[in-house]
Amino acid sequence: MTTLSLAACTPAPGSEIPHDAKSGGQTLSEMQKAVRSIPGLDIDADGGGRPNIKGNTGYAFDIKLDPAYEIVDGQALVEFLARSAWSVRDGYLPNATIDITVLSDKARPFDVRAAAEQSGWATHWAVTPDNGFSTVSIYTYADAEQGSETQVTQGKKNRARLGPWPGAVPSIPDGITAKIP
């Protein structure tokens, strides 16, 4: 007797996520060069990689603030980073989060969540700047199968603000940081 088994053909997680746009935006290396040009900030920027098992992908900005500098326009920083991530055309559209983490001087902590909320981004998960470490996630979820109702609601609001992907390349704002006198 012969046994026949059939395997279901299902697409790989995230295969429907837009990726590698033919035009518009900028490359990941161009974005990394731009964000690293802000004085006083050492920024590691990565993202756009293959979706995880749940079909999620995003960007992460890990920032170390030079102790000789302070962030004086946090809203402009968050706006620039979110739009920079959304403008990357090579790789995958960030369909889950744009995460921003800041390590600052314990005596002068910087609250990246407050900066994100003050600039109008819908956020949820965050760590406040105790001990000079703060982080925030700007949700970009658009599908109930990916995240919670709150994440999807906030993600849709943020996506509406960001516009079509890949977005326009943002100009590097002046005055994000200043040397401490």
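Our subject is the structure listed above.
For the structure given in this document, a descriptive report is provided here. Note that the structure is predicted; figures quoted are calculated from it, not measured.

Some words on the packing of aromatic side chains
- On inspection of all chains with the given rule, the structure shows one aromatic pair.
- Between Tyr139 and Tyr141 the ring centres are 5.5 Å apart and the planes differ by 45 degrees, which places this aromatic pair in the tilted class. For the pair shown, Tyr139 and Tyr141 are each scored as buried.
- Taking NZ or CZ as reference, Arg161 lies 3.9 Å from the ring centre of Trp121, over its face.

Some remarks on the side chain of Thr140
- Mapping Thr140 onto the fold places it in the loop between strand 6 (133–139) and helix 4 (149–162).
- Looking at Thr140, its side chain comes within polar contact range of the main-chain oxygen of Pro94, at 2.6 Å.
- Of note is the side chain of Thr140, whose polar atom sits 3.4 Å from the backbone nitrogen of Thr97.
- If we skip the residues at most four places from it in the chain, Thr140 touches Trp86, Pro94, Asn95, Ala96, Thr97, Ile98, Gly155, Arg159 and Leu162.

Parameters at a glance
- Residues numbered from 1 in each chain as written.
- Predicted model: local features only at pLDDT ≥ 70, side-chain atom pairs only at ≥ 80, totals over all residues.
- Heavy atoms only, no water.
- Phe/Tyr/Trp six-rings, centres within 6.5 Å; stacked < 30°, edge-to-face > 60°.
- Buried < 20%, exposed > 50% of the residue type's maximum accessible area, 1.4 Å probe, protein only.
- Lys NZ or Arg CZ within 6 Å of the ring centre and 35° of its normal.
- Helix = DSSP H or I, 4+ residues; strand = E, 2+ residues; numbered from the N terminus.
- Polar contact = N/O pair within 3.5 Å; in protein donor to acceptor, adjacent residues only side chain to side chain.
- Contact = heavy atoms within 4.5 Å.

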